[in-house]
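Residues per chain are reported as follows:
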Amino acid sequence: MPVMTWNAALMLDQSVMDQTHEEFAQLLNRLADASDGDVAAVLDEFIAHTQAHFAQEEQWMEQMAFPPLHCHHGEHQGVLEIAQEVQRRVAAGEVRLVKVLAQATAGWFANHAVTMDAMLATYMKQIDFQPGRDAQPKVGAVPLEFGCGGSAHAAGGCSAHQPEAAASEQNQ
């Protein structure tokens with residue numbers, strides 16, 4: 001049963017990002033539906049894709065001098081740390097955690113895509129940054145007057161949407 005349906009609401013009008021996000025959603029669904037015998041291989045594929053996906057976005061953010069880079073990166077790191085912990089636990093036989101990871105990550109991603117990634121896509125348009133064409137920060141880039149928002153941003157961290165809360169609830 002799919003945990004995420006790719007739809008127009010998730011599209012950001014940034015072709016490379018939209019394609020990567022659609023692949024991410026497809027992998028989440030494969031992860032949720034994986035048999036116990038296939039779960040480790042699908043989880044490995046999901047983690048590899050997610051690492052490349054996040055690294056790609058972070059490279060763009062660095063190239064553009066994207067103001068809330070640290071906040072966006074923090075969310076990515078949190079998701080990867082959880083996925084890698086689930087990977088370790090799956091290797092120890094706890095395959096049920098993959099379903100929890102898929103469900104929680106789908107919820108996190110639905111919000112992340114329409115907030116943080118939408119902000120990134122908007123900024124890319126504002127400064128006319130095009131992946132593959134632009135390798136240097138734009139001189140005189142449009143200042144971004146907002147960060148992740150809320151007290152977590154003010155405190156220097158932004159973990160409000162990480163899937164660990166759902167995963168830890170399931171483990172109790």
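Overview of the structure. All of these numbers come straight from a predicted model, not from anything done at the bench.

Okay, the overall build of the protein chain next. When helices and strands are tallied, the protein chain shows six helices and zero strands. Beginning at the N terminus, the succession of helices and strands in the protein chain can be written as α-α-α-α-α-α. Buried positions account for 42% of the 172 residues belonging to the protein chain. Contacts in the protein chain between residues far apart in sequence, at least 24 positions, make up 74% of those at least 6 positions apart. Summed over all atoms, the accessible surface of the protein chain reaches about 8,500 Å², with 52% contributed by carbon and sulfur.

Of note, Glu75 is situated in helix H3 (residues 69–91). One buried charged side chain, Glu75, makes no salt bridge at all; its nearest oppositely charged neighbour is Arg88, positioned 19 Å away.

We now examine the nonpolar core. In terms of nonpolar packing, the biggest core is built from 29 residues, with Leu31, Leu43 and Phe46 touching the most fellow members. Secondary structure elements with two or more residues in this core: helix H1 (15–33), helix H2 (39–64), H3 and helix H4 (97–126). Per-element tally for this core: the top contributor is H4, with eight residues. In this view, Leu43 contacts Leu31, Val86, Gln87, Val90, Val98 and Leu101; residues no more than four positions away in its chain are not counted. Core analysis: the next-biggest nonpolar cluster, separate from the first, contains 14 residues, Met17, Phe66, Met124 and Phe129 among them.

So, about H3. Along its 23 residues, H3 runs 33 Å from first to last C-alpha, staying within 8% of the 33 Å computed at 1.5 Å per residue. Listed as buried for H3 are Cys71, His72, Glu75, His76, Gly78, Val79, Leu80, Ile82, Ala83, Val86 and Val90. Just past H3, the residue Gly93 takes up positive phi, approximately 105 degrees.

Look at H4: 41 Å from first C-alpha to last across 30 residues, which is about the 44 Å you get at 1.5 Å a residue. A bend of about 45 degrees at His112 is the largest found in H4. Backbone geometry just downstream of H4 places Asp128 in the positive-phi region, at approximately 60 degrees.

Time to look at the pattern of salt bridges. Applying the stated rule across the entire model yields four salt bridges. The partner of Lys125 in a salt bridge is Asp13, with the nearest N and O atoms 3.4 Å apart. Within this pair, whereas Lys125 is found in helix H4, its partner Asp13 is found in the segment before H1, the two being separated by 112 residues in sequence. Judged by relative accessible area, Asp13 falls into the exposed class, the value being 62%. Between Glu85 and Arg88 there is a salt bridge, with the nearest N and O atoms lying 3.1 Å from each other. Of this pair, Glu85 and Arg88 both sit in helix H3, three residues apart, which is roughly one turn of the helix.

Thresholds applied
Residues numbered from 1 in each chain as written. Predicted model: local features only at pLDDT ≥ 70, side-chain atom pairs only at ≥ 80, totals over all residues. Heavy atoms only, no water. Helix = DSSP H or I, 4+ residues; strand = E, 2+ residues; numbered from the N terminus. Buried < 20%, exposed > 50% of the residue type's maximum accessible area, 1.4 Å probe, protein only. Contact = heavy atoms within 4.5 Å. Areas by Shrake-Rupley, 256 points an atom, 1.4 Å probe, with all protein chains shown as cover. Lys, Arg positive; Asp, Glu negative; His and termini not counted. Salt bridge = Lys/Arg side-chain N within 4 Å of Asp/Glu carboxyl O. Core = buried A, V, L, I, M, F, W, Y, C linked by side-chain atoms within 4.5 Å. Expected span 1.5 Å × (residues − 1). Bend = angle between axes of the 7 residues up to and from the residue.

Just distances and angles here, no functional claims.
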